[in-house]
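# Results of the structural survey
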Amino acid sequence: MATVKTTLNRRSFLKASALAGGGLMLGFNWLAGCQTDPTPAPLTLPEDWFEINAFVKIGDNGVVTIMSPNPEFGQNVKTSMPMIVAEELDVDWQRVIVEQAPFNPAIYTRQFTGGSQGIRQGWTGLRMAGAAARHMLRQAAARAWQVPLEEVTTHAGVLHHAASGRSAGYGEMASAAATMPVPEEVELKDVADFTIIGTSRKNVEARKIVTGQPLYAMDQYREGMLVAMVVHPGRFGMRLKSVDDTAARAMPGIRDVFPIQTFADGYERNYFDTNTFPELVAIVGDTTWQVMNARKALRIEWEPIEDTEIRVAGFGGTQTVRIPAGLESTPDHAARMAEQAARPGRVVRRDGNPEAAFRRAARVIERTYTAPFLAHNCMEPINCIAHVTADRAELAGPIQAPEFIERTLAARLGLPPERIDIQMTRMGGGFGRRAYGHYLVEAALISQRMNAPVKLIYTREDDMTFGVYRPAYHATYRAALDEAGRLIAFHVKAGGIPESPLHANRFPAGAVDHYLAEEWALDSNITIGAFRAPRSNFIGGVEQAFLDEVAEAAGKDPIAFRLELLERARTRPVGERNDYDPVRFAGVLERVRDASGWGTDDPPGVHRGVAAYFCHNSYAAHVLDLVIEDGTPVITRVCSAIDCGIVVNPDAATNMVEGAVVDGIGNALYGAMTFTDGLPDHRNFDTYRMIRHAEAPKAIDVHFVESDVAPTGLGEPPFPPVFAALANALYRATGTRLYEQPFAPHLEAFVQQTTG
Amino acid sequence: MARFQLTVNGRDVEVDVDPGTPVLWVLRDHLQLVGTKYGCGIARCGACTIHLNGVAVRSCVLPVSSVGEQAITTIEGLSADGTHPLQQAWLEHDVPQCGYCQAGQIMSAAALLARNPSPSDEEIDAAMNGNLCRCGTYLRIRAAIRTAAARG
Ligand code: FES
Ligand code: FES
């Protein structure tokens, strides 16, 4: 047990009083609590709820409501964050109801889904919230029973006093607990005493999902609500010139057509204000289908943009971003990247004397890797409900970064933030895309103009062609080996459109005496945004594919080769800024080696590839097995080892790793957004190829390294190394290394060779 | 606009809509049955899968005028209380991540099991290949279908 000072914002405890009739406030269709039984008996609702703090409400019958602070997009925080509170509160999980907390960062601090940081940064605060509530319940019992606080214990929602044999459910003490002073310090459990954290608990919304209950913003309706769509230029590099809406307005159900401008003139954008097309044509009508049809009748003229510069307030101060005019095409991108890569880059890290080491090398291996833009393609297309009146704005939408868009909304609508209410609906996927909340502003402007609630819906085509893509990347690696096959120098030069993917202080930096990392970036008018494990999603994969080739050249087993380097980084690290822990890194490699039977128990006829990576504070390694059936690769098994510290909800965490593996394979094989004269070449799933059932691995085994280290991220870290595990296995199967993503078009050539 | 009599989840309903309106939008915008999802609008993702006389169809490309007397079943009507063997198996395997595709997945799987109570893995893949899951829950979907099939 550890005693910690409560650092929860005082406002978390502002109002500790009874909420009469709270049951009605919930409005749940399924009051089944968090029961794992598929057909649970509904929980009986209490007569009164008592708010102990902002995270915990306890009913007079002992039913507990726990608020989940962060936006949910499938990473299952809506279950795992309340589990952390419940652990320290010491309640029976079966009697817990989870609610989405309102957006209020003054109380709930970081309400942001991104960077695999939710559990990591929420960990201590959530534990404190549960522990503080438990403390107040114990205080109430101590007072009621006239016994010393230290003698009051708890177990699964019941307070006990051993000496006198007294006990009471939390519900009986809830009203008194709500009036207790907020503790200055609380005791947190020892990891060994956890009974909820580390045990698999079902997704608290699964029942609603499988029965089709309304959960997403897309599913919401409001009295008098209109449906809106926005039309953006078909091509990057173009903007709105004029609209002829005569025909569209005459179509049934159409209420209005008007241009909107999502930023006021002179507005300084924040980091998440990426907005490819700030001038749009809005079309508003009664029903979705009417608007979908009528928009086709709009006659819109577009004109080329000029070179522009915008000011963006970023994490490192305000920057000027140049947006070049012109209609860009993928072949031009490739040529520009190759040309830029041939020039010196900006040196980000340099250890030893790499030039000299390369000169004296017995062997130099140089390889260049590329990857295209990727669209996020969340299953739920972009949408948002907005109701803006003269003095208020209500938004309900799928949003990963509400705090940032609230500021944008406040500036654009001229309303103070406290008059803007953002409801974070369950998101049908996010993957980074929904950190960029321009659609909240669009919906709000349309509602303001229409003086009515509106639901803004992007069609799939709108969603896929609006930009905010994963950038296109390019990396050239060089490795120098000495006579004995030892890696003596390593050089990476990486760049992209329009950002570099480089992480200069990441493995194998620190494990090689002579190391050079350079980067570059090229301007574009095609916008980009965070995409599951930004930058790592490219550089992790290609670095691990390159190391596989270097290991082969050195005549070493790829796992043994990496372990040797990690041992070097542990015992005699080069440089001081290495961002990984070589022991934990080696730990996942050893775990995946043993769990997969690498080298000792290789399945016959199966081609295996291995890769490991560190990002977002966690470590992941995969061994991917594939066979060639009728000339087509079939992934039979993926074995994954993960070190993300304490695993809060193991089965849900496993699900997330499985998803990352499938996502990695899908994007490595098929993912690509290309352009012709500014026009995205793919608009929907007919030509943008996504991984499907039959292409998914037949089995994925996930192993977590046992740990009592505070939890770190999981949504992103398993993703980047999948690209390399696949590339390395494909090499073993085909004898050909693939340097250009996506891989499937290259495999088709291989398949034709082997079958033709 | 025209009037259409439909049977949805065993209930008779009447809607007054353009005859070309896809059933997806009739369900969502006119009948407030929002379990059926919009994902692509071109029959390439399966999010909008419903049953027409027990057969899985993509409602985003099914004009309301073509339904006639055929019975429509949506995820809300698959079982009265969420106890269809597939819904139960989905909970046991804790399949969903974001959940957005799952109603369509379950409807495709239910139509499969109705015509083929013990499908092979290849038959499962073939029947389910039109249903995208961006979150990558394919393995759990497969496992849940096997579980439900094994129970018969
Ligand atoms: S919305 Fe109908 S198949 Fe995608
Ligand atoms: S669970 Fe998210 S798309 Fe399938």
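Criteria and cut-off values
Residues numbered from 1 in each chain as written. Chains lettered and ligands numbered in written order. Predicted model: local features only at pLDDT ≥ 70, side-chain atom pairs only at ≥ 80, totals over all residues. Heavy atoms only, no water. Pairing = 2+ DSSP bridges. Helix = DSSP H or I, 4+ residues; strand = E, 2+ residues; numbered from the N terminus. Axes fitted to C-alpha atoms, helices over the stretch in contact; angles between N-to-C directions. Contact = heavy atoms within 4.5 Å. Salt bridge = Lys/Arg side-chain N within 4 Å of Asp/Glu carboxyl O. Buried < 20%, exposed > 50% of the residue type's maximum accessible area, 1.4 Å probe, protein only. Domains from an automatic or database assignment. Buried area = accessible area lost by both parts, 1.4 Å probe. Polar contact = N/O pair within 3.5 Å; in protein donor to acceptor, adjacent residues only side chain to side chain. Nonpolar A, V, L, I, M, F, W, Y, C, P; charged D, E, K, R; others polar.

Residue and element names in this part refer to chain A. One open sheet holds the seven strands; their spatial order is β13-β15-β11-β24-β21-β22-β23, and the pairing between them is mixed. Only two strands of the sheet have a single partner each, and these edge strands are β13 (254-261) and β23 (420-424). Between one strand axis and the next, the sheet turns by 20° as a mean value, whatever way the strands run. Lying over the sheet, helix α12 (residues 438-450) contacts β11 (226-231), β13, β15 (279-285), β21 (383-388), β22 (393-397), β23 and β24 (454-457), oriented at roughly 40° with respect to β21.

Residues and elements named next belong to chain A. Under the counting rule described, the total for this entry stands at 52 salt bridges over all chains. Salt-bridge contacts for Glu403 lead to Arg407; the nearest nitrogen and oxygen are separated by 3.8 Å. Residue Glu403 and its partner Arg407 are both found in helix α11 (residues 402-413); the two are separated by four residues, about one turn of the helix. Among the salt bridges present, the one from Arg608 reaches Asp625, with a minimum N-O distance of 2.8 Å. Placement of Arg608 in strand β28 (residues 607-615) and of Asp625 in strand β29 (residues 618-629) is noted, with a sequence separation of 17 residues between them. Note on accessibility: Arg608 and Asp625 belong to one class, buried.

Moving on, we come to the domain arrangement of chain A. All names here are of chain A. The domain architecture assigned to chain A consists of domain 1 (2-201), domain 2 (222-309 + 376-465) and domain 3 (472-755). Computed from C-alpha coordinates alone, the two centres of domain 1 and domain 3 are separated by 40 Å. Listed per partner, the contact involves 20 residues of domain 1 and 19 residues of domain 3. With both sides pooled, the region where domain 1 packs onto domain 3 buries about 1300 Å², and carbon together with sulfur makes up 62% of that total. If you look at where domain 1 meets domain 3, you find zero salt bridges. In this assembly, domain 1 and domain 3 are joined by five residue pairs in polar contact (both at pLDDT 80 or more). Listing elements by their share of the side of domain 1 that touches domain 3, those giving two or more residues are α2 (77-89) and α4 (118-145). In terms of residue count, α2 provides more of the side of domain 1 that touches domain 3 than any other element does, four residues in total. In the side of domain 1 that touches domain 3, the residues fall into eight nonpolar, 10 polar and two charged.

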